[in-house]
Structure formats: C-alpha cells, structure tokens
Amino acid sequence: MKITVITGSPRRKGNSFAMTEAFIDEAKKLGHTVERYDAAMMKIDGCHACETCFKTGKACSFDDDFNTIAPSIMEADAVVFTMPTYWYSIPAQIKGVIDRLFSFVVGGKDIAGKKCGLIACCEENDMTVMDGIRMPIERSAALLKWDVVGEVLVPGVLMEGDIDKTDGCRQAAGLVHKF
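Residues numbered from 1 in each chain as written. Predicted model: local features only at pLDDT ≥ 70, side-chain atom pairs only at ≥ 80, totals over all residues. Heavy atoms only, no water.

If you trace the backbone, phenylalanine 23 turns up in helix H1 (residues 15-29). Measuring from C-alpha to C-alpha, the distance between phenylalanine 23 and phenylalanine 54 comes to 31 Å, with 31 residues separating the pair along the chain. With sequence-adjacent residues up to four places away left out, phenylalanine 23 is seen in contact with Ile3, Val5, Val80, Ile119, Ala172, Ala173, Leu175, Val176 and Phe179. (Helix = DSSP H or I, 4+ residues; strand = E, 2+ residues; numbered from the N terminus. Contact = heavy atoms within 4.5 Å.)

This brings us to the packing of aromatic side chains. Overall, the coordinates contain four aromatic pairs when judged by the stated rule. Plain terms: the ring middles of tryptophan 87 and tyrosine 88 are 5.9 Å apart, the flat faces sit at 65° to each other, and that makes the pair edge-to-face. Given the relative accessible area of 79%, tryptophan 87 is considered exposed. An aromatic cluster is built from Phe54, Phe66 and Phe104, whose rings are joined through pairwise contacts. When the ring centre of phenylalanine 17 is taken as origin, the NZ or CZ atom of arginine 36, which lies over that ring, is 4.6 Å away. A cation over an aromatic ring shows up here: lysine 109 above the ring of phenylalanine 54, its NZ or CZ 4.8 Å from the ring centre. (Phe/Tyr/Trp six-rings, centres within 6.5 Å; stacked < 30°, edge-to-face > 60°. Buried < 20%, exposed > 50% of the residue type's maximum accessible area, 1.4 Å probe, protein only. Lys NZ or Arg CZ within 6 Å of the ring centre and 35° of its normal.)

The next thing to look at is the sheet that holds strand E5 (residues 147-154). An order of E2-E1-E3-E4-E5 is seen for the five strands of this open sheet, with the pairing classed as parallel. Edge positions in the sheet fall to strand E2 (33-38) and E5, since each has one partner strand and no second. Across the sheet, the axes of successive neighbouring strands diverge by a mean angle of 15°, strand direction being ignored. Bridge count between strand E1 (residues 2-7) and E2: six bridges; the pairing is parallel. Bridged to threonine 4 within E2 is glutamate 35. Of the strands in this sheet, E1 and strand E3 (78-84) are in contact with helix H3 (residues 92-99), which crosses E3 at around 150°. Against the sheet, helix H6 (residues 168-175) engages strand E4 (115-121) and E5, with an angle of about 170° to E5. (Pairing = 2+ DSSP bridges. Axes fitted to C-alpha atoms, helices over the stretch in contact; angles between N-to-C directions.)

Attention shifts here to a nonpolar patch on the surface. A contiguous nonpolar patch, built from Tyr86, Trp87 and Tyr88 and spanning about 420 Å² of accessible area, is present on the exposed surface. Assignment of secondary structure puts tyrosine 88 in the loop between E3 and H3. By relative accessible area, which is 42% here, tyrosine 88 ends up partly exposed. (Patch = residues over 30% accessible without salt bridge, like charges linked within 9 Å, V, L, I, M, F, W, Y side chains within 5 Å. Areas by Shrake-Rupley, 256 points an atom, 1.4 Å probe, with all protein chains shown as cover. Salt bridge = Lys/Arg side-chain N within 4 Å of Asp/Glu carboxyl O.)

Let us now look at unusual backbone geometry. You will see that phenylalanine 54, though not glycine, has its phi angle at about 65°, which is positive. Within the secondary structure, phenylalanine 54 is located in the loop between E2 and helix H2 (66-75). Looking at phenylalanine 54, the relative accessible area reads 17%, which means it is buried. Despite not being glycine, lysine 145 has its phi angle at roughly 65°, a positive value.

Two side chains bearing opposite charge may form a pair once their charged atoms approach each other closely. One pass over the full model with this rule turns up 12 salt bridges. Between aspartate 167 and arginine 170 there is a salt bridge whose closest N-O contact spans 2.7 Å. Look at the salt bridges and you will find they share partners, linking Glu21, Arg36 and Asp38 into a network.

Ranked by internal contacts, the top residues of the largest apolar core, which has 35 residues, are Ile6, Ile73, Phe81, Met83, Ile94 and Trp146. Contributing elements (two or more residues each) for this core: H2, E3, H3, E4 and helix H5 (131-144). Once residues lying within four places of it in the same chain are set aside, the contact partners of methionine 83 are Gly8, Ser16, Ile90, Pro91, Ile94, Ile98, Leu118, Ile119, Ala120, Cys121, Ile133 and Ile137. In this structure, Ala22, Ala27, Ile119 and Ala173 belong to the second largest nonpolar core, which totals 22 residues. (Core = buried A, V, L, I, M, F, W, Y, C linked by side-chain atoms within 4.5 Å.)

Another point: H3. Those residues of H3 that sit buried are Ile94, Gly96, Val97 and Ile98. Turning to H3, the residues buried within the fold contact E1, H2, E3, helix H4 (102-106) and H5.

Below, the structure is given as structure tokens:
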C-alpha cells in the first residue's frame, strides 16, 4: 500500500512527530511504501479560491509546495494527517494543505476510495479539545469519499517527550494495522 503522511508540527522532536515516526516505522515493517511531507517545513499558502485548480497541469495555479504533495495524495492508497492541537484547532502549518484538498474537487479529480487516518495530540486532558481537528478531517474525508479507518487522539502532552509517558506511540503504530 502507498501511504502519504502529512505532518503539521514545527517541532521536529515534538509529541506528534514521535507518534508519526512510530506509525511510519510500523508501516515500513509491514512492507508499505510511505511518503512523508512535513508541512511546517514547506512553503504552502492558503487557498486563493481562484477555482483554476489543475488548469495549469498542477493542482494549484499558485505554485508552491502543495504541488509536490498533491501528486502523492492522488497516487496514495491512504493519507494520514498528523498534528498537535493549536488553540483548539488545526495548526496553520498544515491548514493550507487541508484547505487545498479543495483543488481535487474543483479540478474534477476522482480520488475517492482512499483510506484516511488521523494522529493528533493536545496539551489538555479533555479529549474534546481535539474536536477542532477531528471534525474537519472527518468531514473532509466524507466529502472526498475517503474511509476514516482510525484516529489516534492523545491528550495531556505538552512538552517534548511527554508522549513517552503515554501509549500514544504504540497506538500510532497500531493504526497501521487498520489499513
């Protein structure tokens, strides 16, 4: 299976990255091919709503790093989003990627039938804090006709390394088995 993983954390040693790496390591052990894109380290703008998607041969007429991610999404059997929760929502570092999934709809690209997963964490112990991530991903998947096969949502982690006090990495590795 080809899996595209898109991360949204700017902290390379952060908690969501640790879970991402656990997921990827397990996926590779099982023989899956994984392409990883760290959105926070890329240049990705928000959607301009110009509705010229795929008219230039690329997903977006405004040429930035989303155009390197889009082909991977199109070719993938599964897409996994990983991120921390920022102010009860999706971090800006990955939001541009998520908003520009719109390009597949406007461009008439049928990318239905993919599997989708979510790996997220937050500082607070209240699981509903991650609703601002979980709900948009679930709704986006529904619109694109993707099957959300699993979500790993880990509360109570803030400082780098806090994830090691939880079973978050084990859960993230286990998510691979749902694909």
